[in-house]
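Tertiary structure, described
Residues per chain are reported as follows:
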Amino acid sequence: MLIALIYLSGATDAFSASSAQVVSDKEGRTPANLSPQRNWPSPVDDMEPFTFVLADVFEYRPKGTDRDFRWDIEGWRGGDYNRLWFKSEGERHTAFKADYDIDFQLLYGRFIRKYYDFQAGLRAETQTFSDRNVTRAHAVIGFEGLIPYRYEIKSALFISQNGDLSARFTITKNYLVTQRLVFQPRFETNAAIQRVEKFTTGRGLNNIELGLRLRYEIRREFAPYLGVSFDRSFFGTADLVRREGGDPRQVRFVAGVRMWF
């Protein structure tokens, strides 16, 4: 018993000496310099510029003896916060009864919060009908981003050189049928405050377009697709289309390719 007490007393003394040595080592250690260092690069390079181009719609649309086409292409150059955007849409034989309807936008984009960009810039619009060509310019402000449930939206407000006010809204969503087969519903609508007969545009809701496209991604960057597009004009716009001999309601089968790089 006496031997055991002597042994325990020695172990306690050894543990106390070891603890004192650890404390002494910590007190003697030089503290780390955690202050920011001058001229050090940022650990995240969020200022490097990139380039992105997406042809979301690039298609051929046969209907009877008519052959027409449509495209919707956009892209940007810049970093995470500031970008230079371009957008181009065009089509032939639309429900607006133009032989050709083409517009091009050049925009400055600014990141405002997660998934959303604010955009502002200029838009040029050209329509051709019966060998008559009309063109106008617009100022543009809008938003583009990804809302909950992964719906991609684009909205824009246009103010023409004559003060005419119009708007456009587009929403799309991609559903994965398989890892390579993707179903994409797409909805687009246009509206205007003023009636502008020269551009076959009435007051209020102008038109809607609902597209259903099924694509196969041979590569993520290259995906042929088939689908159907329903386009209809309303109210004053539909009256103007009928007056010029057009059809305010169109259903087209489409075949195209979606590309990005």
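First, a word on scope: everything that follows refers to the structure included in this document. (Residues numbered from 1 in each chain as written. Predicted model: local features only at pLDDT ≥ 70, side-chain atom pairs only at ≥ 80, totals over all residues. Heavy atoms only, no water.)

**Concerning the overall build of the protein**
The cut-off we apply is this: To qualify as a helix, a DSSP run of H or I must reach at least 4 residues; to qualify as a strand, a run of E must reach at least 2; elements of each kind are numbered from the N terminus. Note on exposure labels: buried denotes an accessible area under 20% of the residue type's maximum, exposed denotes more than 50%, and partly exposed covers the range between, all computed with a 1.4 Å probe on protein chains only. Residues are treated as being in contact if the distance between any of their heavy atoms lies within 4.5 Å. Values of accessible area rely on a 1.4 Å probe in the Shrake-Rupley scheme; residue burial ignores everything except the protein chains shown.
For the protein, the helix and strand inventory stands at two helices and 13 strands. When the 261 residues of the protein are sorted by exposure, 38% land in the buried category. When contacts within the protein are restricted to residue pairs at least 6 apart in sequence, long-range pairs at least 24 apart make up 48% of them. When the accessible surface of the protein is split by element, carbon and sulfur atoms take 63% of a total near 16,100 Å².

**Observations regarding empty space enclosed by the protein**
Put simply, the rule is: The rule is simple: put a 1 Å grid over the protein atoms alone, call a set of points where a 1.4 Å probe fits but cannot get out a cavity, call an open set with protein on both sides within 12 Å along at least five of seven lines a pocket, and count a residue as lining if it has an atom within 4 Å of a point. Grid points are joined across faces, edges and corners, and a volume is the space filled by probe spheres set on the points.
Scanning the entire structure with this criterion turns up five cavities of 30 Å³ or more. In this structure, the second largest cavity encloses a volume near 150 Å³. Around the second largest cavity, the lining comprises 19 residues; the ones closest to its centre are Lys87, Gln105, Lys154, Ala156 and Arg168. Those elements giving two or more residues to the lining of the second largest cavity turn out to be strand 2 (66-78), strand 3 (82-92), strand 4 (100-113), strand 6 (132-147), strand 7 (151-160) and strand 8 (165-172).

**Points about the nonpolar core**
Side chains of a nonpolar character, in soluble globular proteins, are inclined to be buried together. As a reminder, the rule being used: What we call a nonpolar core is a set of buried Ala, Val, Leu, Ile, Met, Phe, Trp, Tyr and Cys residues that are connected through their side-chain atoms within 4.5 Å.
Counting residues in hydrophobic clusters, the biggest one holds six residues: Trp76, Trp85, Leu107, Val140, Ala156 and Phe158. Leave out the neighbours within four places in its chain, and tryptophan 76 touches Phe50, Thr51, Phe52, Arg83, Leu84 and Trp85.

**Focus on the environment of threonine 170**
With respect to the helices and strands, the residue threonine 170 is situated in strand 8. Taking the relative accessible area as the measure of exposure, threonine 170 reaches 4% and is therefore buried. Distance in space between the C-alpha atoms of threonine 170 and serine 155 is 6.4 Å, their sequence separation being 15 residues. Those residues within four positions of threonine 170 in sequence are excluded, and the remaining contacts are Glu152, Ile153, Lys154, Arg186, Phe187 and Glu188.

**Observations regarding the layout of surface pockets**
Regions of empty space are outlined by a rolling probe, equal in size to a water molecule, passed over the atoms. Worth spelling out the cut-off: Residue classes follow a fixed rule: Ala, Val, Leu, Ile, Met, Phe, Trp, Tyr, Cys and Pro count as nonpolar, while Asp, Glu, Lys and Arg count as charged, and any other residue, Gly among them, counts as polar.
In this structure, the largest pocket encloses a volume near 860 Å³. Lining the largest pocket are 29 residues, with Phe52, Glu74, Glu144, Leu146 and Glu152 positioned closest to its centre. Along the lines of polarity and charge, the residues of the lining of the largest pocket split into eleven nonpolar, five polar and 13 charged.

**Quick look at the pairing of strand 10 (residues 181-192)**
Put simply, the test is: At least two DSSP bridges between two strands are needed for those strands to be called paired.
Looking at chain direction, strand 8 and strand 10 are connected through seven bridges and run antiparallel. Across the sheet, the residue bridging to phenylalanine 169 is threonine 189, located in strand 10. Two strands pair when backbone bridges link them, and strand 9 (residues 175-176) and strand 10 are joined in this way by two bridges, in the antiparallel orientation. What sits directly across from tyrosine 175, in strand 10, is phenylalanine 183. In sequence, strand 9 turns back onto strand 10 through a hairpin of four residues. When strand 10 meets strand 11 (residues 204-216), the two strands line up antiparallel, connected through twelve bridges.

**Some thoughts on the environment of phenylalanine 187**
Mapped onto the secondary structure, phenylalanine 187 falls in strand 10. Among the residues examined, phenylalanine 187 registers a relative accessible area of 29% and is labelled partly exposed. A C-alpha to C-alpha distance of 6.4 Å links phenylalanine 187 and threonine 172, two positions 15 residues apart in sequence. Phenylalanine 187 has contacts with Phe169, Thr170, Ile171, Ile208 and Glu209, leaving out every residue within four places of it along the chain.

**Side note on unusual backbone geometry**
Non-glycine residue tyrosine 115 carries a positive phi angle of around 80 degrees. When you line up the elements, tyrosine 115 lands in the loop between strand 4 and strand 5 (116-129). Located in the positive-phi region is arginine 150, a residue other than glycine, with phi close to 60 degrees. Inspection of the secondary structure puts arginine 150 in the loop between strand 6 and strand 7. Assessed through its relative accessible area of 60%, arginine 150 is described here as exposed.

Everything listed here is a matter of coordinates, which is why it stays silent on function.
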